[in-house]
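Observations on the model geometry
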Amino acid sequence: MIAVVPWDDSCFVADVEGVDFSRPIDPQTLSAIVAAMDRYAVCVFRGTGLDDDAHIAFSRLLGDLELAPRLFGKSVARFAQPELFDAGNLDASGNILKDERRRAYNRGNALWHTDSSFNPHRSSYSLLLAHQVPPQGGNTEFADMRAAYRSLSADLQHECEPLIAEHWLWYSRLLAGYPEPTEEERRAKPPEHHKLVQTHPGSRLKTLYLASHASRIVDRPLEAGRRLLKDLIEHATRPELVRSVEWQQAGDLVIWDNRCTMHRATAFDDTVYRRDMRRTTVFESRA
Ligand code: OGA
Ligand code: MN
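Here the structure is a predicted model, which is why all the values come from computation and not from measurement.

1. Quick look at the sheet that holds strand β6 (residues 140-144)
The 3 strands lie next to each other as β12-β6-β14, forming an open sheet whose pairing is antiparallel. With one partner strand each, in any of the chains shown, β12 (242-245) and β14 (261-265) form the two edges of the open sheet. Neighbouring strand axes in the sheet, compared pairwise and without regard to direction, differ in orientation by 25 degrees on average.

2. Topic: the coordination of the manganese ion (ligand 2)
Taken together, the protein ligands of the manganese ion (ligand 2) are His113 (NE2), Asp115 (OD) and His263 (NE2), with distances of 2.1 to 2.2 Å. In primary-sequence terms, the residues that donate to the manganese ion (ligand 2) follow H-x1-D-x147-H. One end of the pair, Asp115, is in the loop between α3 (100-107) and β5 (123-132); the other, His263, is in strand β14, and 148 residues separate them in sequence. The pair formed by Asp115 and His263 is uniform in burial state, with each residue classed as buried.

3. Regarding the pattern of salt bridges
With the rule as written, the count across this model stands at 24 salt bridges. The salt bridge involving Asp20 is made with Arg23; its shortest N-O contact spans 3.3 Å. Its relative accessible area of 55% is what places Arg23 among the exposed residues. As a salt-bridge pair, Arg103 and Asp270 come within 3.6 Å of each other at their nearest N and O atoms. With Arg103 in helix α3 and Asp270 in the loop between β14 and β15 (276-283), the pair connects residues that are 167 residues apart, well separated along the chain. Because the salt bridges share partners, they merge into one network encompassing Asp52, Arg78, Asp86, Asp276 and Arg278.

4. Some details on the site of ligand 1
Taken together, Ala87, Asn109, His113, Asp115, Leu128, Thr140, Trp256, His263, Ala265, Arg275 and Arg279 form the complete shell of residues around ligand 1. Asp115 is positioned with one of its side-chain polar atoms (N or O) 3.0 Å from an oxygen atom of ligand 1. One of the side-chain nitrogen or oxygen atoms of Thr140 is found 2.6 Å away from an oxygen atom of ligand 1. When the free accessible area of ligand 1 is taken as 290 Å², the share hidden by the protein chains comes to 99%. Of the pockets mapped on this structure, ligand 1 occupies the second largest pocket. In terms of residue class, the shell around ligand 1 is built from 4 nonpolar, 4 polar and 3 charged.

5. Observations concerning the layout of surface pockets
Taken as a whole, the largest pocket holds about 630 Å³ of empty space. In terms of lining, the largest pocket is formed by 34 residues, of which the most central are Ala68, Pro69, Phe85, Asp86 and Tyr105. Those elements giving two or more residues to the lining of the largest pocket turn out to be β4 (85-86), α3, α6 (169-175) and β15. No other element matches α3, which puts 3 residues into the lining of the largest pocket. Lining the second largest pocket are 24 residues, and of these Asn106, Asn109, Ala265, Phe268 and Arg275 sit closest to its centre.

6. A word on the confidence of the model for the protein
In this model, the protein carries an average pLDDT of 96, and 99% of its residues clear a pLDDT of 70 or more. For the protein, per-element mean pLDDT is lowest for α3, which scores 91, and highest for strand β13 (residues 253-257), which scores 99.

7. Some remarks on the environment of Val34
Here Val34 is to be found in helix α1 (residues 27-40). Looking at Val34, the relative accessible area reads 27%, which means it is partly exposed. Once the C-alpha coordinates of Val34 and Gly177 are considered, the two residues, 143 residues apart in sequence, prove to be 37 Å apart. In this structure Val34 touches Leu62 and Tyr125, once residues within four positions along its chain are discounted.

8. Observations regarding the side chain of His194
If you trace the backbone, His194 turns up in strand β8 (residues 192-195). With a relative accessible area of 7%, His194 lands in the buried category. A distance of 3.0 Å separates the side chain of His194 from the backbone oxygen of Ser117, its partner in a polar contact. Contacts of His194, omitting those with residues within four sequence positions, involve Ser117, Asn119, Pro120, Arg122, Ile164, Ala165, His167 and Tyr209.

9. Brief notes about the environment of Met145
Its place among the elements puts Met145 in helix α4 (residues 145-150). Taking the C-alpha atoms as reference points, Met145 and Val197, separated by 52 residues in sequence, lie 9.9 Å from one another. With residues near it in sequence (within four places) discarded, Met145 still touches Thr207, Leu208, Leu210, Ala236, Cys260, Thr261 and Met262.

Conventions and cut-offs
Residues numbered from 1 in each chain as written. Chains lettered and ligands numbered in written order. Predicted model: local features only at pLDDT ≥ 70, side-chain atom pairs only at ≥ 80, totals over all residues. Heavy atoms only, no water. Pairing = 2+ DSSP bridges. Helix = DSSP H or I, 4+ residues; strand = E, 2+ residues; numbered from the N terminus. Axes fitted to C-alpha atoms, helices over the stretch in contact; angles between N-to-C directions. Donors = N, O, S within 2.8 Å, 3.2 Å for Na, K, Ca; no water. Buried < 20%, exposed > 50% of the residue type's maximum accessible area, 1.4 Å probe, protein only. Salt bridge = Lys/Arg side-chain N within 4 Å of Asp/Glu carboxyl O. Near = heavy atom within 4 Å. Polar contact = N/O pair within 3.5 Å; in protein donor to acceptor, adjacent residues only side chain to side chain. Areas by Shrake-Rupley, 256 points an atom, 1.4 Å probe, with all protein chains shown as cover. 1 Å grid on protein atoms, 1.4 Å probe; cavity = no way out; pocket = protein on both sides within 12 Å on 5 of 7 lines; lining within 4 Å. Sits in = over half its atoms within 2 Å of the grid points. Nonpolar A, V, L, I, M, F, W, Y, C, P; charged D, E, K, R; others polar. Points joined across faces, edges and corners; volume = space filled by probe spheres on them. pLDDT = per-residue confidence, 0-100. Contact = heavy atoms within 4.5 Å.

Right, here's the structure in full:
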């Protein structure tokens, strides 16, 4: 039997204990994990012992996997498996990244965001596995977007309900200091539209679907739309709605539901310490 231990009474983050990742996950354990995800949205599994292939195989139990875009060319990809997204600070030889363009790209992860909101097909779960963690810093913070929606005024809930946001990967990258995207980059990741208020399928609760990738509100003047997005992100990330996951050791795994959370990487001394983090990303099922 696995144990699901909520961090507090906010129904947002839980530790999941007792999963034996060295054997195939049985259907009962899998449904207990999915039920925990539906309820809490962020689940923390310590010391899983997963390697790349087992990480990918476990992720596949939750749905079809996105393939990481090879934005910087094949030669710089660190992993043979196209399912692995690189969230660490290392280059293809395993040395600390020096390339300023790629460091600026990674800095986008320090902004509050939702994985893949810039894609037409949303992501349900992200599964981030630690391979090497710095001695201090480099936590990942999560914000509860169901609680954010719930705590808006009725007027603001009403105002947000019909709105559509445009999400553009390059918008968050520009905010993070990445240079103007090339034509090829623009073509690879054009802007996409998503409803701002959605119902989270797992809990049937209303939630905000927001991210720093959100570049404007469709049919609103640019500045007014951006101001609303900024206000909503500030509202959603007030300290009482945020929990911080400290990575303790290689093998720690965190699964989050992108449809009702935002997250961000926090700072660490990234010119001195290696932080090797690898992510799989599950497509929302179309059923
Ligand atoms: C990610 C991400 C944050 C971190 O992998 O999607 O945003 O703390 N990571 O590495
Ligand atoms: Mn992310």
